[in-house]
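Chains, contacts and geometry: an overview
Each chain, letter by letter, is given below.
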Amino acid sequence: MENLNAILAPGMFVRHPAYAEWGVGQVQSNIAGRITVNFPNEGKVVIDGTRIALEPVFDA
């Protein structure tokens, strides 16, 4: 999981695999496996990248 999340950079768009209702979020930061994402329907969320593999979105 960590390797896929390692490519996430600020400005990229992602989905949380368990919370589709949060919508497509924008990565704010990715520091030491802690990924901060701003989701339109949930707000700012800090995700442990070692436990959750976020899904990159390229058509947002």
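Structure first, text after, so check above.
Anyway, here's the lowdown on the structure attached to this text.

Conventions used here
- Residues numbered from 1 in each chain as written.
- Predicted model: local features only at pLDDT ≥ 70, side-chain atom pairs only at ≥ 80, totals over all residues.
- Heavy atoms only, no water.
- Pairing = 2+ DSSP bridges.
- Helix = DSSP H or I, 4+ residues; strand = E, 2+ residues; numbered from the N terminus.
- Axes fitted to C-alpha atoms, helices over the stretch in contact; angles between N-to-C directions.
- Phe/Tyr/Trp six-rings, centres within 6.5 Å; stacked < 30°, edge-to-face > 60°.
- Buried < 20%, exposed > 50% of the residue type's maximum accessible area, 1.4 Å probe, protein only.

1. Description of the sheet that holds strand S2 (residues 25–31)
- Read across the sheet, five strands follow the order S4-S3-S2-S1-S5 without closing on themselves; strand pairing throughout is antiparallel. Since the sheet does not close on itself, it has two edges, and those belong to strand S4 (43–48) and strand S5 (55–57), each with one partner. Each strand of the sheet is rotated relative to its neighbour by a mean of 40°, with strand direction disregarded.
- Strand direction decides the pairing type here: strand S1 (residues 13–15) and S2, joined by two bridges, are antiparallel. By the bridge assignment, Val14 is partnered in S2 with Gly25.

2. Some thoughts on the packing of aromatic side chains
- Tallied over the entire structure, the rule returns two aromatic pairs.
- Summarising the aromatic geometry, the rings of Tyr19 and Trp22 are spaced 4.5 Å apart at their centres and angled 10° between planes, so their arrangement reads as stacked.
- Relative accessible area serves as the criterion here: at 12%, Trp22 is assigned to the buried category.
- Geometrically, the ring pair formed by Trp22 and Phe39 is tilted, given 5.1 Å between the ring centres and 55° between the ring planes. Linking Trp22 in the loop between S1 and S2 with Phe39 in strand S3 (residues 34–39), this pair joins segments that are 17 residues apart in sequence. With respect to class, Trp22 is no different from Phe39; both count as buried.
- In this structure an aromatic cluster arises from ring pairing among Tyr19, Trp22 and Phe39.

Just distances and angles here, no functional claims.
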